[in-house]
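# Summary of the model geometry
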Amino acid sequence: MRQYEIMIIVDPEVDDRQVATSLERFLAVITNDKGTIDNVDVWGRRRLAYEIKKRPEGVYVVVTFTATPATAKELDRQLGLSEQILRTKLIRPEAA
């Protein structure tokens, strides 16, 4: 098991209060493969540096979790297939 951090930019058309609940079905991939979700941090609506899919802003969410590399790859793949997700960035943070 490894620690990962994923930043997700959600379409601003999704209501701010529903962002966390809509992400739960994606994060179920982690818990189904015996991984753990350490933290879900919703940053809120922010202006983008450049438009993505003709959207000038998005809702930022940062999730830290522990999972296998295959699980992390599958999560990133499923997020990429969703029309509600504008962009994702998956990293393995360096140990402090």
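The structure we're discussing is the one just above.
This one's a predicted model, so the numbers in the text were calculated from it and none came from an experiment.

Rules of the game
- Residues numbered from 1 in each chain as written.
- Predicted model: local features only at pLDDT ≥ 70, side-chain atom pairs only at ≥ 80, totals over all residues.
- Heavy atoms only, no water.
- Axes fitted to C-alpha atoms, helices over the stretch in contact; angles between N-to-C directions.
- Helix = DSSP H or I, 4+ residues; strand = E, 2+ residues; numbered from the N terminus.
- Parallel < 35°, antiparallel > 145°, perpendicular 65-115°, else oblique.
- Left-handed = near helix turned anticlockwise from the far one by under 90°.
- Contact = heavy atoms within 4.5 Å.
- Nonpolar A, V, L, I, M, F, W, Y, C, P; charged D, E, K, R; others polar.
- Buried < 20%, exposed > 50% of the residue type's maximum accessible area, 1.4 Å probe, protein only.
- Core = buried A, V, L, I, M, F, W, Y, C linked by side-chain atoms within 4.5 Å.

Another point: the packing of helix α1 (residues 19–32) against helix α2 (residues 69–81). At a minimum axis separation of 8 Å, α1 and α2 run at an interaxial angle of 155 degrees. When the axis of α1 is compared with that of α2, the two are roughly antiparallel. Between α1 and α2 lies a crossing of right-handed hand. Along its contact with α1, which presents Leu23, Phe26, Leu27, Val29 and Ile30, the element α2 presents Thr71, Glu74, Leu75, Gln78 and Leu79. Taken together, the residues that form the contact of α1 with α2 break down as seven nonpolar, two polar and one charged.

Let us look at unusual backbone geometry. One non-glycine residue, Lys53, lies in the positive phi region at around 55 degrees. Positive phi outside glycine occurs at Lys54, with the angle close to 60 degrees. On the secondary structure map, Lys54 appears in the loop between β2 (36–52) and β3 (55–67). Residue classification places Lys54 among the exposed residues on the basis of a relative accessible area of 73%.

What follows deals with the nonpolar core. Residues Ile8, Val10, Leu23, Phe65, Leu75 and Leu79 are the most contacted members of the largest nonpolar core, which totals 19 residues. Contributions of two or more residues to this core are made by β1 (2–10), α1, β3 and α2. Once residues within four sequence positions are removed from consideration, Leu75 is found in contact with Ile6, Phe26, Leu27, Val29, Ile30 and Phe65. Counting residues in hydrophobic clusters, the runner-up holds five residues, among them Leu48, Ile52, Tyr60 and Leu86.

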